[in-house]
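A look at the structure
Okay, here's what each chain looks like letter by letter:
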Amino acid sequence: MVENFWLLATEESGFGLNFDILETNLVNLSILIALIVYFGRSFLGSIMAERRSSIEAAIQDAEKRLKEASKALGEQQKNLAEAQATAVQIKSDGEAAAKVAKDNILAQASKDVQRMKDEAARDLSSQRDRVVLELRQRISALAVEKVESQLRSQVDDGLQQRLIDQSIGLLGGSL
């Protein structure tokens, strides 16, 4: 192996690389790996360290956002539960208020109907009393007219004089 290296150095131009894969592949690969390790260690190390730190930062950021999202989710679930409980309470309060209002309206309507019936009965009673009074007055007037007409036809002057005297006597007066 040293002979190959020495041959390379002494041939035409001095020092050179043999690119014959069968003869020098191991040497070329060793040199290449050594150069990559020597020169690339710091470069690749810093790139890898930066990449690692950016990945760690991204993971920490993602974990932080996950915790925040979990916390926000918990709060929103709590708010949802409270809102649902409030909605149920509002619904039950509304139903109770509607039932009370319905009962009040029905009670008021019942009172109004009863009041209207009472007023109608009073009106009917007063109208009946008025009609009865009118009928009595009319009957009385007709009876008086009939009696007057009968008296005119049946009572003569003598009978009329006797009735007058008798009425005066009943009153306590004398003639």
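Within an unreviewed UniProt entry, the label attached to the protein reads ATP synthase subunit b, and the organism entered is Adonisia turfae CCMR0081. The UniProt entry for the protein carries the following comment under Sequence similarities (unreviewed entry): "Belongs to the ATPase B chain family."

So, on to the overall build of the protein. Counting its secondary structure elements, the protein contains 3 helices and 0 strands. Of all 175 residues assigned to the protein, the portion counted as buried reaches 2%.

What follows deals with a nonpolar patch on the surface. On the surface, a cluster of nonpolar side chains totalling about 440 Å² of accessible area is made up of Leu 29, Leu 32, Ile 33, Ile 36 and Val 37. Structurally, Ile 33 can be placed in helix H2 (residues 21–154).

To continue, consider helix H3 (residues 157–171). Between the first and last C-alpha of H3 there are 21 Å, a value that for 15 residues agrees with the 21 Å anticipated at 1.5 Å per step. Backbone geometry just downstream of H3 places Gly 172 in the positive-phi region, at approximately 100°.

Turning our attention to the pattern of salt bridges. This structure, assessed with the given rule, holds 7 salt bridges. Measuring nitrogen to oxygen at the nearest pair gives 3.2 Å for the salt bridge that ties Arg 115 to Glu 119. Separated by 4 residues within a single helix, Arg 115 and Glu 119 lie in helix H2, roughly one turn from each other. Under the relative-accessibility criterion, Arg 115 is labelled partly exposed at 39%. We classify Glu 119 as partly exposed; its relative accessible area is 32%.

With that settled, consider the confidence of the model for the protein. Residues with a pLDDT of 70 or more make up 83% of the protein, whose mean pLDDT is 83. Per-element confidence in the protein is highest for H2, whose mean pLDDT is 88, and lowest for helix H1 (residues 2–10), whose mean pLDDT is 50.

Rules and cut-offs
- Residues numbered from 1 in each chain as written.
- Predicted model: local features only at pLDDT ≥ 70, side-chain atom pairs only at ≥ 80, totals over all residues.
- Heavy atoms only, no water.
- UniProt positions renumbered as here; feature names shortened; annotations may be inferred.
- Helix = DSSP H or I, 4+ residues; strand = E, 2+ residues; numbered from the N terminus.
- Buried < 20%, exposed > 50% of the residue type's maximum accessible area, 1.4 Å probe, protein only.
- Patch = residues over 30% accessible without salt bridge, like charges linked within 9 Å, V, L, I, M, F, W, Y side chains within 5 Å.
- Areas by Shrake-Rupley, 256 points an atom, 1.4 Å probe, with all protein chains shown as cover.
- Salt bridge = Lys/Arg side-chain N within 4 Å of Asp/Glu carboxyl O.
- Expected span 1.5 Å × (residues − 1).
- pLDDT = per-residue confidence, 0-100.

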